[in-house]
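# Fold and contact review
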Amino acid sequence: MMQIGLKGHGNDITVELEPSSTIRQALDKAGIHPSTVLVSHDDVILPHSTILTGDINLDLTVVSSGG
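Our subject in this report is the structure included herewith.

## Comments concerning the overall build of the protein chain
Helices and strands together make up the secondary structure of the protein chain, namely 1 helix and 5 strands. Starting at the N terminus and walking to the C terminus, you meet the elements of the protein chain as β-β-α-β-β-β. Here the protein chain has a C-alpha radius of gyration of 11 Å; the compact-globule value for 67 residues is 11 Å, and the two agree. The principal-axis extents of the C-alpha atoms in the protein chain amount to approximately 40 × 20 × 15 Å. Of the contacts formed within the protein chain by residues at least 6 apart in sequence, a portion of 46% connects residues at least 24 apart. By element, 50% of the accessible surface of the protein chain is carried by carbon and sulfur atoms, the whole surface being about 4100 Å².

Listed below in structure tokens is the structure:
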């Protein structure tokens, strides 16, 4: 199992996933709707389809829009 840390968006949570899971799966397991956040690591934005291969801490940035 991998430990995926998600920080930001009012969250500081760690989820456990099987190796080769995606960022989208981590967000789903944490109960975070993928369309509400950008995910980054070391200041690089990662697609939600990114496959995770080991323990990692990811940063979440809230995406907001208005009119």
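Past the structure itself, the notes keep going.
## Quick notes on the nonpolar core
Grouped together as the largest cluster of nonpolar side chains are 16 residues, with contacts concentrated most on Ile4, Leu6, Leu27, Ile32, Val39, Leu58 and Leu60. Elements with a minimum of two residues in this core: β1 (2-8), β2 (11-17), α1 (23-30), β3 (37-41) and β5 (56-62). No other element matches the 4 residues that α1 contributes to this core. In this view, leucine 27 contacts Leu6, Ile32, Pro34, Val37, Val39, His48 and Leu60; residues no more than four positions away in its chain are not counted.

## Some points on the pairing of β5
With 4 bridges connecting them, β1 and β5 associate as parallel partners. Across the sheet, the residue bridging to glycine 5 is asparagine 57, located in β5. Alignment of β3 against β5, held across 4 bridges, turns out to be antiparallel. Within the sheet, the bridge partner assigned to serine 40 lies in β5 and is aspartate 59.

Reading the values: rules and limits
Residues numbered from 1 in each chain as written. Predicted model: local features only at pLDDT ≥ 70, side-chain atom pairs only at ≥ 80, totals over all residues. Heavy atoms only, no water. Helix = DSSP H or I, 4+ residues; strand = E, 2+ residues; numbered from the N terminus. Rg over C-alpha atoms; globule rule 2.2 N^0.38 Å. Contact = heavy atoms within 4.5 Å. Areas by Shrake-Rupley, 256 points an atom, 1.4 Å probe, with all protein chains shown as cover. Core = buried A, V, L, I, M, F, W, Y, C linked by side-chain atoms within 4.5 Å. Buried < 20%, exposed > 50% of the residue type's maximum accessible area, 1.4 Å probe, protein only. Pairing = 2+ DSSP bridges.

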